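Structural description and commentary
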Amino acid sequence: MIIRKGTPADMPSVLGLIKELALFEKEPDAVLITVEDLVRDGFGAVPLFYVFVAEIDSDSPESTSEKEIVGIALWYYRYSTWKGKIIHLEDLVVKESMRGTGLGYALYSEILKQGKKDQVRRVEWNVLDWNTPAIDFYEKSGAKVLRDWHVVQMDEIGIHQFVSDKLK
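For the structure given in this document, a descriptive report is provided here. (Residues numbered from 1 in each chain as written. Predicted model: local features only at pLDDT ≥ 70, side-chain atom pairs only at ≥ 80, totals over all residues. Heavy atoms only, no water.)

Here the focus is the overall build of the protein. Looking only at helices and strands, the protein has five helices and five strands in total. Helices and strands in the protein line up, N terminus first, as β-α-α-β-β-β-α-β-α-α. Structurally, the protein occupies a C-alpha span of about 60 × 35 × 35 Å along its principal axes. When the 168 residues of the protein are sorted by exposure, 32% land in the buried category. Taking all contacts inside the protein whose residues are at least 6 apart in sequence as the whole, residues at least 24 apart take part in 54%. (Helix = DSSP H or I, 4+ residues; strand = E, 2+ residues; numbered from the N terminus. Buried < 20%, exposed > 50% of the residue type's maximum accessible area, 1.4 Å probe, protein only. Contact = heavy atoms within 4.5 Å.)

On the surface, Met154, Ile159, Phe162, Val163 and Leu167 cluster together into a nonpolar patch covering about 480 Å² of accessible area. Among the secondary structure elements, Phe162 is positioned in helix H5 (residues 156-166). (Patch = residues over 30% accessible without salt bridge, like charges linked within 9 Å, V, L, I, M, F, W, Y side chains within 5 Å. Areas by Shrake-Rupley, 256 points an atom, 1.4 Å probe, with all protein chains shown as cover. Salt bridge = Lys/Arg side-chain N within 4 Å of Asp/Glu carboxyl O.)

Our next topic: unusual backbone geometry. Even without glycine at this site, Lys26 takes up a positive phi of about 65 degrees. Turning to its location among the elements, Lys26 is positioned in the loop between helix H1 (11-24) and helix H2 (35-43). Phi at Gln119 is positive, roughly 55 degrees, even though this residue is not glycine. Here Gln119 shows up in the loop between helix H3 (103-117) and strand E5 (123-124).

Attention shifts here to the environment of Ser164. Its place among the elements puts Ser164 in helix H5. What makes Ser164 partly exposed here is its relative accessible area of 31%. Put simply, Ser164 and Asn131 are 33 residues apart on the chain and 37 Å apart in space, counted from C-alpha to C-alpha.

Okay, here's the thing in structure tokens:
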């Protein structure tokens, strides 16, 4: 297994893993981005995200390449008014057939090494409350799961309505 920085050529595989995560999280139709979006947003003059990919030798006879991307850690920088520069881990995804192999731990470790290298004061991410294996893993690693905070979001429809109705 090799962990490396993702490239534009990796984005079809990255999108495939994002869709696999959406299926796991019971939101199979929620993914709207395309390979083109990922390439534009991750590899332009000012990247909006970075990605580590986990790659293994492919055993599949129909594989056109010798390597297969079986995991990703997609992240970006944020700024905390209390801490300064931080890393937000948006998604850590391991292909279902590769779970339990240590691949998730390797990607997780790579994110934390990046945080140390960048001298950030915090690495943060979200985890669904029903994903107890992930919660247990994170807590065993020394991470704190903040159970008294709620994630707040406004989707595209809500943004449009707010701007149209409230800010006339």
